[in-house]
Amino acid sequence: MLLTVSGPPGSGKSTTAAALAEAFDLEHISGGDIFRELAAEHDMSAVEFNKLAEEDDQIDRDLDRRLRDIALERDDVLLESRLAGWLAGDAADLRFWLDAPVDVRAERIADREDKPVDVAREETVTREASEAKRYMEYYNIDYSDLSIYDISLNTARWGENEVSEIITSAVEAYDPADDEGKYPVEGVRYDF
């Protein structure tokens, strides 16, 4: 089984992905973890490497290539990143999108990173605009197009345990014999 969990910063991706991976005994592959591995390979901190990534598009491409390769080559994986659903493409059994209003996500980010909410909100909005532009430029991915996802969930409406229960229930209820077809992932340039 290959599941993907995608969404913007502060949406609850990591929390939900960890619970889902544990529930189904899947290897949890996090884009953030791979980013940190790439930083270590370059003998840099994640913060230093992120600054470099803003200037060098090959860093994003290396990360995304690794995620795509994992999706195509491994079994029993849960892939978590902003682009996981797009990168896994039709190889994914189920693709989930998690989101929440930007003010909610900014509060979550501010809490976890110990910074003022207004700073977290401004950084988040700026980061998302930059990423959306890069995803379109690099891969022809319209990040706002949620049509490829099997479920899109506003995580602000439920607690983290309930969000995990909703997604876990969806996976448990899935029966490939009843599957009439997933939305195809089309038009993406996997140009790494």
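The preceding data block contains the structure.
Everything quoted here is computed from the prediction, not taken from an experiment.

### Observations concerning the nonpolar core
By size, the foremost hydrophobic cluster in this structure holds 31 residues, and its most contacted members are L79, L83 and W86. Secondary structure elements with two or more residues in this core: α2 (31-41), α3 (46-55), α4 (57-73), β3 (77-80), α5 (84-88) and α7 (117-139). The contact partners of W86, leaving out residues within four places of it in the chain, are I141, D142, D145, I148, Y149, V185, V188 and Y190. A17, F24, L78 and I167 belong to the second largest nonpolar core, which has 15 residues in total.

### What to know about the environment of D64
Mapped onto the elements, D64 comes out in helix α4. By relative accessible area, D64 is classed as buried at 7%. With 126 residues separating them along the chain, D64 and Y190 place their C-alpha atoms 8.8 Å apart.

### Some details on the side chain of T155
On the secondary structure map, T155 appears in the loop between β5 (151-154) and α8 (160-173). Separated by 2.9 Å, the side chains of T155 and R108 make a polar contact. Residue contacts for T155: discarding those within four places in its chain leaves S11, L98, D99, A100, R108 and V163.

### Considering the pairing of strand β1 (residues 2-6)
Counting buried residues along β1, 5 of its 5 residues qualify, which places the element largely inside the surrounding structure. In the sheet, β1 pairs with β3 via 4 bridges, with the strands oriented parallel. By the bridge assignment, L2 is partnered in β3 with V77. Two elements, β1 and strand β4 (residues 94-99), share 4 bridges in a ladder whose sense is parallel. Note that in β4 the partner of S6 across the bridge is W97.

### Notes on the side chain of K13
Mapped onto the elements, K13 comes out in helix α1 (residues 13-23). Residues contacting K13, with those up to four places away along its chain left out, are V5, S6, G7, P8, E80, S81, R82 and L98.

### Quick look at the packing of aromatic side chains
Per the counting criterion, the structure on display carries 7 aromatic pairs. When the ring of F35 is compared with that of F49, the centres are 5.1 Å apart and the planes differ by 55°; the resulting orientation is tilted. Of this pair, F35 sits in helix α2 while F49 sits in helix α3, placing them 14 residues apart in sequence. Accessibility classification places F35 together with F49 in one group, the buried group. Judged by centre distance (5.3 Å) and plane angle (75°), the rings of W97 and Y143 are edge-to-face. Residue W97 is located in strand β4, and its partner Y143 is located in the loop between α7 and β5; the two are separated by 46 residues in the primary sequence. Y143 carries the same exposure label as W97, and that label is buried. Of the aromatic side chains, those joined through ring pairs into one cluster are W97, Y135, Y143 and Y149. Residue placement shows R61 over the ring face of Y138; its charged tip is 4.4 Å from the ring centre.

About the cut-offs
- Residues numbered from 1 in each chain as written.
- Predicted model: local features only at pLDDT ≥ 70, side-chain atom pairs only at ≥ 80, totals over all residues.
- Heavy atoms only, no water.
- Core = buried A, V, L, I, M, F, W, Y, C linked by side-chain atoms within 4.5 Å.
- Buried < 20%, exposed > 50% of the residue type's maximum accessible area, 1.4 Å probe, protein only.
- Helix = DSSP H or I, 4+ residues; strand = E, 2+ residues; numbered from the N terminus.
- Contact = heavy atoms within 4.5 Å.
- Polar contact = N/O pair within 3.5 Å; in protein donor to acceptor, adjacent residues only side chain to side chain.
- Pairing = 2+ DSSP bridges.
- Phe/Tyr/Trp six-rings, centres within 6.5 Å; stacked < 30°, edge-to-face > 60°.
- Lys NZ or Arg CZ within 6 Å of the ring centre and 35° of its normal.

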